[in-house]
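# Observations on chain architecture
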Amino acid sequence: MQLTFFQEHFDNIFLEDLFQAYFDARRNKRNTINALAFEKRFEEKIFELFDEIISGNYQPSPSICFIVNQPVKREIFAANFRDRVVHHLIYNYTAPIFEKLFINDSYSCRTGKGTHYGIKRIDRFIRSCSENYAKDCYILKLDIKGYFMSINRKILFQQIKSYLLSKYHKLDFDLSLILNLIEKTIFNDSTINCKVKGKKTDWYGLPKDKSLFTSKKNCGLPIGNLTSQLFGNVYLNEFDHFVKRDLKIKYYGRYVDDFVFIHNDREYLKSQIIKIREYLKNELKLTLHPNKLYLQHYSKGVKYLGAVIKPHRIYIANRTTGNFYNAIQKQNEIVKDRKPTKAEIEEFIACMNSYLGIFQHYKTYKIRKRILFENLSGWWWNHAYLSGGYKKFNKMVRYLGLNWR
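The sections below set out a description of the structure shown in this document.

Procedures and definitions
Sequence order as written defines residue numbering, which begins from 1 separately in each chain. The predicted origin of the model limits local features to residues at a pLDDT of at least 70 and limits the giving and counting of side-chain atom pairs to 80 or more, whereas totals for whole chains, interfaces and linings rest on all residues. Excluded from the side-chain calculations are hydrogens and water; all other atoms, namely the structure's heavy atoms, are used. Elements are defined by DSSP. Helices are runs of H or I of four residues or more, strands are runs of E of two residues or more, and each kind is numbered from the N terminus. Computation of the radius of gyration draws on C-alpha atoms, with the globule rule given as 2.2 Å multiplied by the number of residues to the power 0.38. Only protein chains enter the accessibility calculation, which uses a 1.4 Å probe; a residue is then buried when its area is under 20% of its type maximum, exposed when over 50%, and partly exposed in between. In this description, strands pair whenever DSSP reports at least two bridges between them. Orientation is described by axes fitted as lines to C-alpha atoms, over the contacting stretch for helices, and by angles from 0 to 180 degrees between their N-to-C directions. Contacts between residues were defined by any pair of non-hydrogen atoms, one from each residue, lying within 4.5 Å. When a carboxyl oxygen of Asp or Glu is within 4 Å of a side-chain nitrogen of Lys or Arg, the pair counts as a salt bridge.

### Side note on the overall build of the protein
When helices and strands are tallied, the protein shows 14 helices and 14 strands. Since a compact globule built from 405 residues should have a radius of gyration of about 22 Å, the 24 Å found for the protein is in line with a globular shape. C-alpha extents for the protein along the principal axes are approximately 75 × 65 × 40 Å. Across the 405 residues of the protein, 48% fall into the buried class.

In structure tokens, the structure reads:
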């Protein structure tokens, strides 16, 4: 009877956590077909998912696969909404545990960090290493070839399993249950029974090391999943500690697989490339990209995470500006010969504000003003307006036939 009470108590807590995962998953996906279908009977769907997970019968559903071209050409696998709920459940349970294992200077998919934090940290490293630009220092930037498609699933799962088992007595969830979900998520082959959105020609020009369809057996994580972002950090966590502990490089930062090393001695950095290459190959089965090696004096500047970092200033990269222009042209096509739908207006505002949010971190007032007023179709100004000095688009509210801001 006592065991029954504890089981019921656990089930109630787990069910609450599953509902929270659902609310997290729908936060930015409420207008998608999958999300809307799930939301119509979400309580019933959650209880069905709960039963499948508890009984061990949960299996991931087929994904939707498509190509995006901005900011770079990528293959995306969009998981079914119910699987997104599971991804958020896994993330909510495990991210706080992994957070304690990560070094401070891995910036991707972490609360309070991200691209702008990473840019500021690298700028600070350069200033510290060069003693405020008074001494020489050098920047080494490296990249992994086809990172997500090269992640070895067996190594990844063993890493995660070891990490979680080492914290077993401090966990407040059923480890065996969550490990089962993690295993099914990692080893799920997203290419099987996936629904391809688009044409075969969309894949033309995509390198083989950027596609799950051509990845090695038991390798690759789908870009687009929340768990892939988290697990991508976990996979390189030991490498981060290797850099700090064994290579003793004080000024080091990483965003996904973009590494930056800063040191006073150019030859020392050059000598570490072999050690880095061997560690990645032997321990993680990864390969450094042969064409993405950058080693220069800090005065030359460095492109990192959409910005160019130079002495005394940081400015936005030309590619980011170009992507903003391309995004505007794409939005203009929508209103070329018809009125946009409510969903398209919301997507337009989200897209524009995403870029404006990036631009706000730099001295770009004139650039923002020029790009918007020279390129944005006049039809969009009937549905949205700018506020805060070209900082944010807001939806135009219509009332009694009038436009209200």
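### Some words on the sheet that holds strand β10 (residues 313-316)
Note: strands within a sheet are paired through backbone hydrogen bonds, in either parallel or antiparallel orientation. Within the open sheet, the three strands sit side by side as β8-β9-β10. Their pairing is antiparallel. The sheet is open, and its two borders are formed by β8 (302-304) and β10, each paired with just one other strand. Neighbouring strand axes in the sheet, compared pairwise and without regard to direction, differ in orientation by 25° on average. Along the sheet, helix α5 (residues 115-129) makes contact with β8, β9 (307-310) and β10, crossing β9 at roughly 15°.

### As for the pattern of salt bridges
According to the stated counting rule, one finds 14 salt bridges in the structure shown. Residue Glu-99 pairs with Arg-110 through a salt bridge whose shortest N-O separation is 2.5 Å. Taken as a pair, Glu-99 in helix α4 (residues 81-99) and Arg-110 in the loop between α4 and α5 lie far apart in primary sequence, eleven residues in all. On the basis of relative accessible area, Glu-99 is assigned to the partly exposed category, the value being 30%. For Arg-338, the salt bridge identified is with Glu-344, shortest N-O distance 2.8 Å.

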